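Examination of the molecular architecture
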Amino acid sequence: MYNPYSLEGKTILVAGASSGIGRELAIECSKLGALVHIIGRNSDKLSETISLMNEGKHEFHVCDITNDEELDMLVDKLPVLDGFANCVGVAKVMLMKFLNKKALNEIIETNAVAPISLMQKLVRKKKFSKKSSVVFTSSLSGVYTVHYGDALNATSKGAINAFAKSAALDLAAQGIRVNCVNPGVVATDAAFSGTSLTKEEMEAKQQYFPLKRFGQPKDIALAIIYLLSDASTWITGVNMPIDGGYTLL
Amino acid sequence: MYNPYSLHGKTILVTGASSGIGQSVAIECSKMGASVVITGRNQDRLQETFGMLEGSGHVQIPADLSNYSEIQKLVEQCPKVDGVSHNAGIAKIIPVKFISSETLEEIVGTNAFGPILLTQTLIRKKKINSNGSIVFTSSLSGVYCVHYGESMYAASKGAVSGFAKGAALELAAQGIRVNCVNPSIIQTNIFKNEGDIISDEQMQEKIQNYPLKRLGVTTDVSWAHIFFLSDASTWITGVDLPIDGGYILI
């Protein structure tokens, strides 16, 4: 069956695959024919992800990507990749005046420094085939919008977004493309546990989205797969807002 | 075979289908399982595209979209659709001081008024199913950058991208999504048609400005259209997607 979006024959690395967008992405990649390597901190959750994927020689790697030694060991073990998607991310709401170095370090380390280090090591150790594609899960926050108390998240996502553009330029000569997806509020466990809003407030919040719903992990996963696939070989360095029209207003 | 990007069961209207990007969108949509309604000015070339479509159930309706009565006729004949791909467009390089109201009307008429009025008429006549998707071939030009002599073209494409955002907002209530793709130079005849706007040597030089070191090909754009037309993008509306080999990075 004709499908330019197919991942058949590709090996894809998904970081942050124990839950949420990363888990959904790993599942969808497997359904579209990819061999998938997944990374996460929790081995139970990773094997659960594997059990939800289409059968294949997929592998999971338990790794805390904020730990440089673990990262080196991981990268050495990995095969040559055709694609890498980073879905690692944490969110913390903290008003500007209460910011502190500890919180700042923690969020920036996880959301920006660790994925950047992973990417750097993958390139350095020649783990990308020619014509590879990399997608970072950035955010609306810090690139298109912000919210009250969003400084930590916005700062870290603005950083990863800027890195992606630089990497896109630096790696274009090798045929490696680098893009970002920028989701609005996606209904994941992490998004809902990290919020101080009540259920009613969350319902009301959906009304701010012209399409009248929050995103589903699959909305993001399928955009990432478009950017990982050979259907997008002339697209690099872009942001793709995925937000139900939120930024229109 | 699992394929969330499939257009199976969908009817898609494709304008500008007699050549270039529009022709590629029509062909690729048919390959992805859609029934395609193609329109264009040149009947012979439209027929040529029609012959290249895969599968069955396709329709061709010749129309000049710079003419409002032809838009109305097209919409009357058009079946209900799940998607619209706007590609009709012309390019002309004219420095600001040589702009005339005739050329301005021609360019903005074809590139902006045409697609805007077609969209309006399709909506008014209830020809777009709920959960439908509309995609415009806008441009890098006028939205992300411009070049010398491109001001009218940029104005027409800026208008399209602006309209698309307004339409995205208003039509969201009906579940209809509206997005733009913003290509840089795609190797089509649009440059040749208008009397060798750019020479081959200039083209080779230009390639060096693209980090990915090539110009675009029509499928680079048509596959973006299909992504937006498909159910893989049901939470995406009102965006501009640059397709430019990294051009705007620098």
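Now for a quick tour of the structure. (Residues numbered from 1 in each chain as written. Chains lettered and ligands numbered in written order. Predicted model: local features only at pLDDT ≥ 70, side-chain atom pairs only at ≥ 80, totals over all residues.)

This part takes up the overall build of chain B. Within chain B, the regular secondary structure consists of eight helices and seven strands. By the compact-globule yardstick of 18 Å for 250 residues, chain B fits well, its C-alpha radius of gyration being 17 Å. Over its C-alpha atoms, taken along the principal directions, chain B stretches across nearly 45 × 40 × 35 Å. Of all intrachain contacts in chain B linking residues separated by at least 6 positions in sequence, the fraction that spans at least 24 positions is 72%. (Helix = DSSP H or I, 4+ residues; strand = E, 2+ residues; numbered from the N terminus. Rg over C-alpha atoms; globule rule 2.2 N^0.38 Å. Contact = placed C-beta atoms within 7 Å.)

The helix and strand tally for chain A stands at eight helices and seven strands. For 249 residues, the compact-globule estimate of 2.2 N^0.38 gives 18 Å, and the C-alpha radius of gyration of chain A, at 17 Å, lies within 12% of that figure. A total of 249 residues make up chain A; the buried ones form 51% of that total. In chain A, the proportion of contacts linking residues at least 24 apart, taken out of those at least 6 apart, comes to 72%. (Buried ≥ 20, exposed ≤ 12 C-beta atoms within 10 Å, placed from the backbone.)

Every contact between the two is made by 32 residues of chain A and, on the other side, 31 residues of chain B. If you list the elements that add at least two residues to the side of chain A that touches chain B, you get helix H5 (151-171), helix H8 (217-228) and strand E7 (239-242) of chain A. The element contributing the most residues to the side of chain A that touches chain B is H8 of chain A, with four residues. A per-class count over the side of chain A that touches chain B returns 22 nonpolar, seven polar and three charged. (Nonpolar A, V, L, I, M, F, W, Y, C, P; charged D, E, K, R; others polar.)

Let us look at the sheet that holds strand E1 (residues 11-14) of chain B. All names here are of chain B. One open sheet accounts for seven strands, arranged E3-E2-E1-E4-E5-E6-E7; its pairing is parallel. In this open sheet, the two edge strands, each paired with only one partner strand, are strand E3 (59-60) and strand E7 (240-243). Pairing geometry for strand E5 (residues 128-137) and strand E6 (residues 177-183), over five bridges, is parallel. Each bridged residue has a counterpart across the sheet, and for Ile-134 the counterpart in E6 is Val-178. Of the strands in this sheet, E5, E6 and E7 are in contact with helix H5 (residues 151-171), which crosses E6 at around 160°. Its contacts with the sheet put helix H8 (residues 218-229) on E1, strand E4 (81-86), E5, E6 and E7, and the angle it makes with E5 is roughly 155°. (Pairing = 2+ DSSP bridges. Axes fitted to C-alpha atoms, helices over the stretch in contact; angles between N-to-C directions.)

One non-glycine residue, Lys-212 of chain A, lies in the positive phi region at around 60°. Relative to the helices and strands, Lys-212 of chain A resides in the loop between helix H7 (199-206) and H8. With phi around 55°, Lys-213 of chain B is a residue other than glycine that occupies positive phi space. The residue Lys-213 of chain B is located in the loop between helix H7 (200-207) and H8 in this model.

Residues and elements named next belong to chain B. Of all six residues that make up E4, six are buried, and the element is covered over most of its length. Note: E1 against E4, three bridges, orientation parallel. The partner of Leu-13 across the bridge, within E4, is Val-84. The pairing of E4 with E5 spans five bridges and is parallel. Within the sheet, the bridge partner assigned to Val-81 lies in E5 and is Ile-128. Handedness of the crossover joining E4 and E5 through helix H4 (residues 101-124): right-handed. (Right-handed = clockwise from strand over helix to strand, strands pointing away.)

Assignment of secondary structure puts Ser-233 of chain B in the loop between H8 and E7. A C-alpha to C-alpha distance of 31 Å links Ser-233 of chain B and Ile-107 of chain B, two positions 126 residues apart in sequence. Apart from residues lying up to four places away in sequence, Ser-233 of chain B is in contact with Ala-223 of chain A together with Phe-227 and Phe-228 of chain B.

The pairing of strands in a sheet happens through backbone hydrogen bonds and is either parallel or antiparallel. Residue and element names in this part refer to chain A. If you walk across this open sheet you meet the seven strands as E3-E2-E1-E4-E5-E6-E7, and the pairing is parallel. Sheet topology places strand E3 (59-62) and E7 at the edges, where each strand pairs with a single neighbour. On average, adjacent strands in this sheet sit at an angle of 15° to one another, irrespective of strand direction. Here strand E4 (residues 81-86) runs beside strand E5 (residues 128-137); their pairing, made up of five bridges, is parallel. Looking at the pairing, Asn-86 lines up with Phe-136 of E5. Relative to E3, helix H2 (residues 43-52) is tilted by about 165°, and along the sheet it contacts strand E2 (35-40) and E3. Contacts from helix H4 (residues 101-124) reach strand E1 (11-15), E4 and E5 within the one sheet, and its direction differs from that of E5 by about 180°.

Looking now at H5 of chain B. All names here are of chain B. With 21 residues, H5 should reach 30 Å at 1.5 Å per residue; the first-to-last C-alpha distance of 30 Å fits that figure. Residues of H5 that are buried include every one of Met-152, Tyr-153, Ser-156, Lys-157, Val-160, Ser-161, Phe-163, Ala-164, Ala-167, Ala-168 and Leu-171, and no others. Looking at the buried residues of H5, the elements they touch are H4, E5, E6 and E7. (Expected span 1.5 Å × (residues − 1).)

Let's shift gears to the packing of H4 of chain B against H5 of chain B. All names here are of chain B. In contact at an axis separation of 9 Å, H4 and H5 are set at 15° when each is read in the N-to-C sense. Classified by the interaxial angle, the pair formed by H4 and H5 is roughly parallel. The chirality of how H4 crosses H5 is right-handed. Between H4 and H5, the residues in contact are Thr-103, Leu-104, Ile-107, Val-108, Asn-111, Ala-112, Pro-115, Ile-116 and Thr-119 and Met-152, Tyr-153, Ala-155, Ser-156, Lys-157, Ala-159, Val-160, Phe-163 and Ala-167, respectively. Looking at the contact of H4 with H5, its residues break down into 13 nonpolar, four polar and one charged. (Parallel < 35°, antiparallel > 145°, perpendicular 65-115°, else oblique. Left-handed = near helix turned anticlockwise from the far one by under 90°.)

So, about the pairing of E1 of chain B. Residues and elements named next belong to chain B. Because side chains alternate across E1, one face comprises the buried residues Thr-11 and Leu-13, and the other comprises Ile-12 and Val-14, equally buried. Judged from the four bridges that link them, E1 and strand E2 (residues 35-38) form a sheet pairing that is parallel. Residue pairing for E2: Leu-13 is matched across the bridge by Val-37. The β-α-β motif built from E1, the intervening helix H1 (residues 20-31) and the parallel element E2 has right-handed crossover chirality.

The next subject is the nonpolar core. The biggest cluster of nonpolar side chains holds 135 residues, and the ones touching the most others in it are Val-14, Cys-29, Ala-223, Ile-224 and Ile-225 of chain A together with Cys-29 of chain B. Counting residues per element, this core draws most heavily on H8 of chain A, at nine residues. The contact partners of Ala-223 of chain A, leaving out residues within four places of it in the chain, are Val-181, Met-240 and Ile-242 of chain A together with Ser-233 and Ile-236 of chain B. (Core = buried A, V, L, I, M, F, W, Y, C linked by C-beta atoms within 7 Å.)

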